[in-house]
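Listed below, chain by chain, are the residues.
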Number of protein chains: 2
Amino acid sequence: MMTDQGSSLFQIALQQRAASVEMLLADLLSDRPHTGEISRPPRLMAAMRHGVLNGGKRLRPFLVMESAALFGADTHAALRVATALECIHSYSLVHDDLPAMDNDDMRRGQPTVHRKFDEAAAILAGDSLLTYAFELIAADETELDAGAKVALVTALARAAGIGGMTGGQTLDLEAEKIKPDEAGIIRLQAMKTGALIRFACEAGAIVGNASPGDRERLAEYGSAIGLAFQLADDLLDVTADATDMGKATGKDAAAGKATLVSMHGIDWTKQQLSGLVAEAEELLAPFGAKASLLRDAARFIADRQS
Amino acid sequence: MMTDQGSSLFQIALQQRAASVEMLLADLLSDRPHTGEISRPPRLMAAMRHGVLNGGKRLRPFLVMESAALFGADTHAALRVATALECIHSYSLVHDDLPAMDNDDMRRGQPTVHRKFDEAAAILAGDSLLTYAFELIAADETELDAGAKVALVTALARAAGIGGMTGGQTLDLEAEKIKPDEAGIIRLQAMKTGALIRFACEAGAIVGNASPGDRERLAEYGSAIGLAFQLADDLLDVTADATDMGKATGKDAAAGKATLVSMHGIDWTKQQLSGLVAEAEELLAPFGAKASLLRDAARFIADRQS
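The shown structure was predicted, so the numbers you read here are calculated from the model rather than taken from an experiment.

It is worth spelling out the overall build of chain A at this point. Check the secondary structure of chain A and you find 14 helices and two strands. Compactness check: chain A gives a C-alpha radius of gyration of 19 Å against a globular reference of 19 Å for 306 residues, within 12% of the reference. Referenced to the eigenvectors of the C-alpha coordinate spread, the extents of chain A come out at roughly 55 × 50 × 35 Å. Buried residues in chain A amount to 59% of all 306 residues. If you take every contact in chain A between residues at least 6 apart in sequence, the share linking residues at least 24 apart comes to 72%. Summed over all atoms, the accessible surface of chain A reaches about 11,900 Å², with 50% contributed by carbon and sulfur. The distance from the centre of the 30 positive side-chain charges to the centre of the 42 negative ones in chain A is 2 Å.

Counting 202 residues, the largest nonpolar core has A:Leu63, A:Ile88, A:Tyr221, B:Leu63, B:Ile88 and B:Tyr221 as its most contacted members. Of all the elements, helix H6 (residues 119-138) of chain B adds the most residues to this core, at 14 residues. The contact partners of A:Ile88, leaving out residues within four places of it in the chain, are A:Leu130, A:Ala133, A:Phe134, A:Leu156, A:Ala160, A:Met165 and A:Leu196.

This next bit is on the packing of aromatic side chains. This model, assessed by the stated rule, comprises seven aromatic pairs over all chains. On the numbers, 5.3 Å between centres and 80° between planes, the contact of A:Phe10 with A:Phe62 is edge-to-face. Placement of the pair is A:Phe10 in helix H1 (residues 4-28) and A:Phe62 in helix H3 (residues 59-70), with a sequence separation of 52 residues. Classification of A:Phe62 by relative accessible area gives buried; the value is 0%. Of note, B:Arg60 hangs over the ring of B:Phe229, and the distance from its end group to the ring centre comes to 5.5 Å. Sitting over the ring of B:Phe229, B:Arg304 keeps its end group 4.0 Å from the ring centre.

Attention now moves to the interface of chain A and chain B. Counting residues at the interface gives 53 residues for chain A, matched by 53 residues for chain B. Both sides together, the interface formed by chain A and chain B hides about 4,400 Å², and carbon and sulfur atoms give 73% of it. Remark: the boundary between chain A and chain B carries two salt bridges. Ionic pairing is found between A:Arg158 and B:Glu135, a salt bridge with its closest N-O pair at 3.1 Å. The interface formed by chain A and chain B includes ten residue pairs in polar contact (both at pLDDT 80 or more). For the side of chain A that touches chain B, the secondary structure elements donating two or more residues are helix H2 (42-52), helix H4 (75-96), helix H6 (119-138), helix H7 (146-160), helix H8 (165-178) and helix H9 (182-207) of chain A. Among the elements that take part in the side of chain A that touches chain B, H6(A) stands out by supplying twelve residues, more than any other.

Let us now look at the side chain of A:Arg17. Residue and element names in this part refer to chain A. Among the secondary structure elements, arginine 17 is positioned in helix H1. Within the structure, the side chain of arginine 17 is placed 3.0 Å from the side chain of glutamate 66, a separation counted as a polar contact. Look past the residues within four positions of arginine 17 in its chain and what remains in contact with it is Phe62, Met65, Glu66 and Ala69.

In regions of low pLDDT, the predicted coordinates are not meant to be interpreted in detail. Put simply, chain A has an average pLDDT of 93, and 95% of its residues get 70 or more. With pLDDT under 50 throughout, residues 244-249 of chain A is counted as low confidence; its partners more than four residues away or in other chains account for eight contacts.

At an RMSD of 0.0 Å, chain A and chain B line up after a rotation of 180° and a shift of 0.0 Å along the axis. Taken together, the rotation angle and the small translation identify this as a two-fold axis. Considering only C-alpha atoms, the residue of chain A closest to the rotation axis is A:Ala146, which sits at 2.7 Å. Here 100% of the contact residues of chain A are again contact residues in chain B; the copies associate through an equivalent surface.

Here we take up unusual backbone geometry. The backbone of A:Arg108 shows a phi angle near 50°, a positive value even though the residue is not glycine. You can see A:Arg108 is positioned in the loop between strand S1 (106-107) and strand S2 (110-111).

This part is about the pattern of salt bridges. Pairing between side chains of opposite charge can happen when their charged atoms approach one another. Following the criterion strictly, the structure yields 34 salt bridges over all chains and no others. For A:Lys192, the salt bridge is made with A:Asp172, and the minimal N-O distance between the two is 3.1 Å. Pair noted here: A:Lys192 is in helix H9 and A:Asp172 is in helix H8, with a separation of 20 residues, a long-range link. The exposure class of A:Lys192 is partly exposed, given its relative accessible area of 26%. A relative accessible area of 15% places A:Asp172 in the buried class. B:Arg49 is paired through a salt bridge with B:Asp31; the nearest N and O atoms lie 3.0 Å apart. Here B:Asp31 lies in the loop between helix H1 (4-28) and helix H2 (42-52) and B:Arg49 lies in helix H2, a separation of 18 residues in the sequence. Take B:Arg49: its relative accessible area is 23%, and that puts it in the partly exposed class. Residue classification places B:Asp31 among the partly exposed residues on the basis of a relative accessible area of 35%. Three or more residues joined by partner-sharing salt bridges are found here, namely A:Glu22, A:Arg58 and A:Glu86.

As a further point, take the environment of B:Ile162. Looking at the secondary structure, you find B:Ile162 in the loop between helix H7 (146-160) and helix H8 (165-178). Placed 29 residues apart in sequence, B:Ile162 and B:Met191 show a C-alpha to C-alpha distance of 9.0 Å. For B:Ile162, the contacting residues outside a window of four places in its chain are A:Leu29, A:Glu37, A:Ser39, A:Arg40, A:Pro41, A:Leu44, A:Met45, A:Met48, A:Ser128, A:Tyr132, B:Gly167 and B:Met191.

We now examine the packing of helix H3 (residues 59-70) of chain B against helix H4 (residues 75-96) of chain B. Axes are the key here: two packed helices are described by the angle between their axes and the distance separating the axes. Residues and elements named next belong to chain B. Running from amino to carboxyl end, H3 crosses H4 at an angle of 155°, the nearest separation of the two axes being 8 Å. With respect to H4, the axis of H3 lies roughly antiparallel. The handedness of the crossing between H3 and H4 comes out as right-handed. Between H3 and H4, the residues in contact are Arg60, Pro61, Val64, Met65 and Ala68 and Ala78, Leu79, Val81, Ala82, Leu85, Glu86 and His89, respectively. Residues of the contact of H3 with H4, tallied by class, amount to nine nonpolar, one polar and two charged.

Residues and elements named next belong to chain B. Among the secondary structure elements, leucine 196 is positioned in helix H9 (residues 182-207). As for leucine 196 and glycine 164, which are separated by 32 residues in sequence, their C-alpha atoms are 7.7 Å apart. Every residue in contact with leucine 196, bar those within four places of it in the chain, is listed here: Leu85, Ile88, His89, Leu156, Ala159, Ala160 and Met165.

Each value, and the rule that gives it
- Residues numbered from 1 in each chain as written.
- Chains lettered and ligands numbered in written order.
- Predicted model: local features only at pLDDT ≥ 70, side-chain atom pairs only at ≥ 80, totals over all residues.
- Heavy atoms only, no water.
- Helix = DSSP H or I, 4+ residues; strand = E, 2+ residues; numbered from the N terminus.
- Rg over C-alpha atoms; globule rule 2.2 N^0.38 Å.
- Buried < 20%, exposed > 50% of the residue type's maximum accessible area, 1.4 Å probe, protein only.
- Contact = heavy atoms within 4.5 Å.
- Areas by Shrake-Rupley, 256 points an atom, 1.4 Å probe, with all protein chains shown as cover.
- Lys, Arg positive; Asp, Glu negative; His and termini not counted.
- Charge placed at Lys NZ, Arg CZ, Asp CG, Glu CD.
- Core = buried A, V, L, I, M, F, W, Y, C linked by side-chain atoms within 4.5 Å.
- Phe/Tyr/Trp six-rings, centres within 6.5 Å; stacked < 30°, edge-to-face > 60°.
- Lys NZ or Arg CZ within 6 Å of the ring centre and 35° of its normal.
- Buried area = accessible area lost by both parts, 1.4 Å probe.
- Salt bridge = Lys/Arg side-chain N within 4 Å of Asp/Glu carboxyl O.
- Polar contact = N/O pair within 3.5 Å; in protein donor to acceptor, adjacent residues only side chain to side chain.
- pLDDT = per-residue confidence, 0-100.
- Least-squares fit on C-alpha atoms with pLDDT ≥ 70 in both.
- Axes fitted to C-alpha atoms, helices over the stretch in contact; angles between N-to-C directions.
- Parallel < 35°, antiparallel > 145°, perpendicular 65-115°, else oblique.
- Left-handed = near helix turned anticlockwise from the far one by under 90°.
- Nonpolar A, V, L, I, M, F, W, Y, C, P; charged D, E, K, R; others polar.

Put into structure tokens, the structure is as follows:
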């Protein structure tokens, strides 16, 4: 669905944004104590860096920064908010990998934090990344007015907490037993992965001091691509296995988890993805050419092969 | 050190403040979704309530509210900030009790969250309480200006994170192996337990829109009673065992952990505690009779028997 040229411009922009986020993270999470800190335990910092500097695509930070750019926002402020969001995403992976949760030993070709360090270090590194995200948004160094910071903290806490990510993770752990219906699956996914992607786009609008209407428009764009993200993930779980392993069912089916793909099939899912990309493009229409990278992002998310 | 009358007035005030915090917590952590939340998983809410509605003394919320009262602060705003701080304190206990950390089955006569539910629920309940604390401070319902909210989020994140509580927990886990010297022990304790108590008192000053000088004065009062809190804790670990079990060493000694009490002895520790109470009283002197409950709090912390 994406032209080669659009695709390569998007890939370059994604990599550039990722490099900025990683440079800032490496600097912020050094062993050197910052303002207001008594000291920084080197082992905690090493565990945090291992959890967050993991070669991720940095899609959520990209969405924050490109959404902010639509409104001519201060780049440094957008980068700090984007980095805070990546700390939240990374903490959720560190805790998700724990033996009591998904019990994963490897992530992106590296040992997970509790395998490289130990479980206590992984718990504390996750807690610290979560806490640090809010400091990053609120602290003096960010060129945002206090009202914008408060809006960001509120929206991020809601997206990451009870009615968002951690709530969705809880529902996901129960899903094998409770067997949610279609509405239940949609709600679970909107909470577990959708809320943080929606926040990413809304956050860019807040940083850019957008009108309430534009802020809602970006949030809706985020919801559309968040749903596409999860559908593509579910599809990949089926098709990747179908190719690699010669069977049509993957991890979700093995775990007894129903997905929209297992309910409706591959063709229906591809149609839904096209519909969501069209919806995302329509929401971005008022921004014209300025939004071309966000249009590419929607197609990238729907088409992604990994 | 405390007169009977002062003691009983303080105990009544402490219980009244605790009741307010618990009523608000029970309401905030009900199963009914709040603004901006897609839904609330009942099992997550039950685990969070179990972790936070645990019969604690609510000393930190008391300190927030009494410090705020010194400056004639809005009671409702102070209560919300106090409750947010109790969410942070409670999350730290839920995660601390996990098998990979202190591996405690019981807390205050009840099974710990991972024993009553399971480890995954305890991890997610802790994460959710931590996240929710920041929402509680930042969300619209609090009658604080945006600048105060930003100052509170910043100070709380610093007190609870790398350079404060989670950093101190990391140092504490390493202490059996690394054997910190006296300065190291003081730093560890200032981070692990001191930072949040210092924040409690500083937060009251922020909520009350105190001058920078008064804010610093309250923070220093918090540091003094935070150190007293830990010394009393270490002393209790020795003296409670000496009485009950006929031996002069307790949990810390058994775990191979040096404390200031094991280094300097009981008499030195009691002298230090008297000195810290005197320091706290001196810091409160400018506030006269208005600060009498905070004076009582300092004595209560230094004298406490449990």
